[in-house]
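Chain residues, written in single-letter form:
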Amino acid sequence: MLGAFVAAVLSRNFKIRVPKQKSVYPRVLIGGILMGYGAGLASGCTVGGFFSAVPALGLNGWVFGLFVLIGALSGLQVIKRIA
């Protein structure tokens, strides 16, 4: 996080942004809770779930990657419909 902050400040892209629509806050809260719950179920994050399992020839890494892709594409469709 520190590296991202320094890079944003040095590139003059750092800005604190506050959503204008109040309906964004519940969605962000629910999304954060679901991400935290999912990380707990997966016993870690994408680094451990995918990038460690695939080189070890674990089938679970490929299944995880497939469902991350499906979830990302589904989430993208939801965001397109909301916006």
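Our subject is the structure listed above.
Residues numbered from 1 in each chain as written. Predicted model: local features only at pLDDT ≥ 70, side-chain atom pairs only at ≥ 80, totals over all residues. Heavy atoms only, no water.

Before going further, it helps to examine the overall build of the chain. When helices and strands are tallied, the chain shows four helices and zero strands. Taken from N to C terminus, the helices and strands of the chain fall in the order α-α-α-α. By the compact-globule yardstick of 12 Å for 83 residues, the chain is too spread out, its C-alpha radius of gyration being 17 Å. Dimensions of the chain along its principal axes, counting C-alpha atoms only, are 45 × 35 × 20 Å. Across the 83 residues in the chain, those meeting the buried criterion constitute 7%. For the chain, the accessible area works out to roughly 7,300 Å², and carbon and sulfur atoms hold 73% of it. (Helix = DSSP H or I, 4+ residues; strand = E, 2+ residues; numbered from the N terminus. Rg over C-alpha atoms; globule rule 2.2 N^0.38 Å. Buried < 20%, exposed > 50% of the residue type's maximum accessible area, 1.4 Å probe, protein only. Areas by Shrake-Rupley, 256 points an atom, 1.4 Å probe, with all protein chains shown as cover.)

This brings us to helix H2 (residues 24-41). Helix length check: H2 (18 residues) gives 26 Å between terminal C-alpha atoms against 26 Å at 1.5 Å per residue, within 8%. In terms of burial, H2 is largely open, as just one of its 18 residues are buried. (Expected span 1.5 Å × (residues − 1).)

Moving on, we come to a nonpolar patch on the surface. Taken together, the side chains of Leu2, Phe5, Val6, Val9, Leu10, Phe14, Ile16, Val18 and Tyr25 define a hydrophobic patch exposed on the protein surface, amounting to about 940 Å² of accessible area. Looking at the secondary structure, you find Val6 in helix H1 (residues 2-10). Among the residues examined, Val6 registers a relative accessible area of 38% and is labelled partly exposed. (Patch = residues over 30% accessible without salt bridge, like charges linked within 9 Å, V, L, I, M, F, W, Y side chains within 5 Å. Salt bridge = Lys/Arg side-chain N within 4 Å of Asp/Glu carboxyl O.)

Time to look at the packing of aromatic side chains. A complete count under the given rule lists three aromatic pairs for this structure. Seen in terms of ring centroids, Phe50 and Phe51 are 5.0 Å apart; in terms of plane orientation they differ by 80 degrees. Their pairing is edge-to-face. With a relative accessible area of 21%, Phe50 lands in the partly exposed category. Among the residues examined, Phe51 registers a relative accessible area of 55% and is labelled exposed. A connected cluster of aromatic rings, assembled from ring pairs, spans Phe50, Phe51 and Trp62. (Phe/Tyr/Trp six-rings, centres within 6.5 Å; stacked < 30°, edge-to-face > 60°.)

Moving on: the environment of Gly31. Looking at the secondary structure, you find Gly31 in helix H2. For Gly31, a relative accessible area of 26% gives the class partly exposed. Sequence separation of Gly31 and Gly75 is 44 residues, and the distance between their C-alpha atoms is 11 Å.

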